[in-house]
Amino acid sequence: MSNLMEKEKFIIYETVLKEEGSFIYDLHNNQNFQKEKINLLLTECRELLGIYKDNGKSNKYATILTGMTSTLQHTLFLISCHFMPDDEFTIKNYERDLSSEIVSDYYIKFRVVLHDLIF
């Protein structure tokens with residue numbers, strides 16, 4: 001994705017709108033963690049940070065920050081639910097695609113992106 005509006009539209013779709021096919025919708029409703037989609041989301045967000053640095057923040061900045069923050073929080077919440085013995089929520093592809101190390105790596109990547117968005 002090349003320009004500001006495309007990147008913002010993608011990030012908002014994946015994190016805020018909760019529409020079918022988005023990362024957060026698929027995780028919450030289909031119990032599927034899409035590694036490719038979260039990797040693309042983080043890449044697009046890092047590239048957007050460069051655009052913001054060069055040109056200033058857009059009027060979608062607060063929505064992007066809110067979406068990324070809530071996506072991190074909700075993702076961590078659902079991962080914790082996956083391990084709660086009394087909770088019926090499970091991430092169907094956890095054993096195949098995730099591990100505690102991979103989850104920790106995503107947490108760190110999100111923290112870096114959020115830090116750079118805020119500061």
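Owing to the predicted nature of the structure, the values given are computational and were not obtained by experimental measurement.

Okay, unusual backbone geometry next. Its identity is not glycine, yet K18 carries a phi of approximately 55 degrees, on the positive side. Within the element layout of this structure, K18 appears in the loop between α1 (4-15) and α2 (23-30). By relative accessible area, K18 is classed as exposed at 53%.

Summed over all chains, the structure comprises 4 aromatic pairs. Where Y52 meets Y61, the ring centres are 6.0 Å apart and the plane angle is 70 degrees; that geometry is what we call edge-to-face. Y52 gets classed as buried once you look at its relative accessible area, which sits at 7%. Seen from their ring centres, F83 and Y94 are 5.2 Å apart, and the 90 degrees between their planes marks the pair as edge-to-face. In this pair, F83 sits in helix α4 (residues 61-83) while Y94 sits in helix α5 (residues 94-97), placing the two residues 11 residues apart along the sequence. Among the aromatic residues, those joined into a ring-pair cluster are F23, F33 and Y106. Note that K57 overlies the ring of Y61, its terminal NZ or CZ placed 4.5 Å from the centroid.

Scanning all chains against the criterion turns up 4 salt bridges. Across the salt bridge formed by E47 and K7, the nearest N and O atoms sit 2.5 Å from each other. Of this pair, E47 sits in helix α3 (residues 35-55) while K7 is found in helix α1, placing the two residues 40 residues apart along the sequence. Residue classification places K7 among the buried positions, given a relative accessible area of 3%. Measuring nitrogen to oxygen at the nearest pair gives 3.6 Å for the salt bridge that ties K37 to E14. Residue K37 is found in helix α3, and its partner E14 is found in helix α1; the two are separated by 23 residues along the sequence.

Conventions used here
- Residues numbered from 1 in each chain as written.
- Predicted model: local features only at pLDDT ≥ 70, side-chain atom pairs only at ≥ 80, totals over all residues.
- Heavy atoms only, no water.
- Helix = DSSP H or I, 4+ residues; strand = E, 2+ residues; numbered from the N terminus.
- Buried < 20%, exposed > 50% of the residue type's maximum accessible area, 1.4 Å probe, protein only.
- Phe/Tyr/Trp six-rings, centres within 6.5 Å; stacked < 30°, edge-to-face > 60°.
- Lys NZ or Arg CZ within 6 Å of the ring centre and 35° of its normal.
- Salt bridge = Lys/Arg side-chain N within 4 Å of Asp/Glu carboxyl O.

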